[in-house]
Amino acid sequence: MTTIRTPADEAEARAVQDELRARVVLDEPGPPPGTGLVTGVDVAYDDERDVVVAAAVVLDAATLAVVEETTAAGRVTFPYIPGLLAFREIPTVLSALESLENDPGLVVCDGYGRAHPRRFGLAGHLGVLTGLPVLGVAKNPFTFSYDPPGDRRGDSSPLVADDGEEVGRALRTQHGVKPVFVSVGHRISLDNACAHTLALARHFRLPESTRRADALCRRALREATA
């Protein structure tokens with residue numbers, strides 16, 4: 001298992017982010033959509049008991065059939081601080097990924113990559129630590145602005161930081177439904193990340209990888225805290 005140390009405080013966490021962010025690879029296209037395996041990861045919390053459960057669900061990218069799924073439970077060891085959420089989630093997510101028998105392939109996070117105030121959300125953090133291609137698909141744009149994309153499936157618009165940098169895209173995955181917010185984590189291009197998101201969101205707003213991982217981690221949390 002990948003060994004990571006929980007930062008002692010906010011300042012140390014930000015220093016770790018700075019160090020790891022420098023290792024992000026942004027010049028690889030990533031695997032072609034609809035090929036190989038795609039793994040969705042998500043977490044659920046019981047804040048009263050300080051319990052966090054992570055789920056990893058491996059899908060066949062061509063059919064979206066479930067190939068394998070696993071969960072891991074742990075203790076919350078880092079406080080909630082905006083922009084540093086990855087430090088609460090990473091240890092348990094890594095445990096879930098490392099218990100898989102299959103190679104995860106492309107990993108899809110319910111969260112952010114470059115679309116993060118420090119340009120290093122969970123998707124980037126997880127990508128650097130595992131070496132896997134990772135992208136983030138979030139339900140809201142965090143602190144960034146965007147113009148609404150067109151109403152058709154596949155329409156998109158840039159997610160823009162205050163300095164004008166395009167940190168991700170608002171992507172319409174279903175006609176007339178609210179967009180999702182796609183950003184690069186590690187070893188994948190933004191164009192390809194959006195193409196993968198559309199390939200995974202064939203019938204619903206959210207990618208099937210996220211839907212499956214969300215349902216599994218919630219079920220596992222109920223069982224862990226029963």
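For the structure, check the block above.
If you're wondering where the values come from, they're calculated on a predicted model, not measured in any experiment.

### Overview of the overall build of the chain
Along its length, the chain carries 5 helices and 8 strands. In the chain, the succession of helices and strands from N to C terminus is α-β-β-β-α-β-α-β-β-β-β-α-α. The C-alpha radius of gyration computed for the chain amounts to 16 Å, which stays within 12% of the reference 17 Å derived for 226 residues, consistent with globular compactness. Overall, the chain is about 45 × 40 × 30 Å in size when its C-alpha atoms are taken along their principal axes. A burial count over the chain gives 52% of its 226 residues as buried. Pairs at least 24 apart in sequence give 65% of the contacts found in the chain among residues at least 6 apart.

### Regarding the side chain of N192
Along the chain, N192 falls in helix α4 (residues 190-200). Here N192 falls in the buried class, since its relative accessible area comes to 11%. Among the polar contacts listed, one links the side chain of N192 to the backbone oxygen of P29, at a separation of 2.7 Å. Setting aside anything within four residues of it in sequence, one finds N192 in contact with P29, G30, P31 and P33.

### Section: the environment of A55
On the secondary structure map, A55 appears in strand β2 (residues 51-60). As a C-alpha pair, A55 and G83 span 28 residues in sequence and 22 Å in three-dimensional space. Beyond its immediate sequence surroundings of up to four residues, A55 is in contact with G40, V41, D42, T70, T71, A96, A213, L216 and C217.

### Examining the pairing of strand β8 (residues 180-186)
Looking along a regular strand, one sees the side chains alternate between the two faces of the sheet. For β8, the buried fraction is high: 7 of the 7 residues fall into the buried class. Here 3 bridges tie strand β7 (residues 166-171) to β8, and the two strands are oriented antiparallel to one another. Bridge pairing in β8 links R169 to V182.

### Topic: the sheet that holds β2
In spatial order, the strands read β3-β2-β1-β4-β5-β8-β7-β6; together these 8 strands make up an open sheet with mixed pairing. The sheet is open, and its two borders are formed by β3 (66-75) and β6 (156-160), each paired with just one other strand. Strand-to-strand twist across the sheet, computed as the mean angle between neighbouring axes with direction ignored, equals 25°. Relative to β2, strand β1 (residues 37-46) is paired through 10 bridges, and the arrangement is antiparallel. The partner of V43 across the bridge, within β2, is A54. Lying on the sheet, α4 is in contact with β1, β4 (106-109), β5 (134-138), β7 and β8; it crosses β7 at an angle near 25°.

### Considering the side chain of R88
Take R88: it is sitting in helix α2 (residues 86-98). Look at R88 and you get buried, because its relative accessible area is 10%.

### A word on helix α3 (residues 122-130)
Burial analysis of α3 places 7 of its 9 residues in the buried class, which makes it a mostly covered element. All buried positions along α3 are accounted for by L122, A123, G124, H125, L126, G127 and V128. Where α3 is buried, its residues meet α1 (10-21), β1, α2, β4, β5 and β8. Trailing α3 by a residue or two, G131 shows a phi angle of about 80°, which is positive.

### What to know about unusual backbone geometry
Peptide bonds are, in most cases, trans, and in most cases residues other than glycine have a negative phi. A positive phi is found at R119, a non-glycine position, where the angle reads about 60°. Relative to the helices and strands, R119 resides in the loop between β4 and α3. Owing to a relative accessible area of 15%, R119 belongs among the buried residues under this scheme. Despite not being glycine, F142 shows a phi value in the positive range, around 60°. For F142, a relative accessible area of 33% corresponds to the partly exposed category.

Calculation rules
Residue positions are given per chain, counting from 1 as you read along its sequence in written order. Residue-level local features of this predicted model are given only where pLDDT is at least 70; pairs of side-chain atoms are given and counted only at 80 or more, and the full residue set underlies all totals for whole chains, interfaces and linings. Here the side-chain values reflect all heavy atoms present in the structure, with hydrogen atoms and water set aside. Strands are runs of DSSP state E lasting at least two residues, helices are runs of H or I lasting at least four, and both sets are numbered from the N terminus onward. Radius of gyration: over C-alpha atoms. The globule rule applied is 2.2 Å multiplied by the number of residues raised to the 0.38 power. For each residue, the accessible area found with a 1.4 Å probe, counting protein chains only, is set against the maximum for its type, and the residue is called buried under 20%, exposed over 50%, and partly exposed in between. By the convention used here, residues are in contact when the closest approach between their heavy atoms is within 4.5 Å. A 3.5 Å cut-off defines polar contacts: any pair of N or O atoms within that distance qualifies, except that in protein one atom must be a possible hydrogen donor and the other a possible acceptor, and neighbouring residues in sequence count only when both atoms are side-chain atoms. Pairing between two strands requires that DSSP report at least two bridges joining them. Angles shown run from 0 to 180 degrees and are taken between the N-to-C directions of axes, each axis being a line fitted to C-alpha atoms and, for helices, limited to the stretch in contact.

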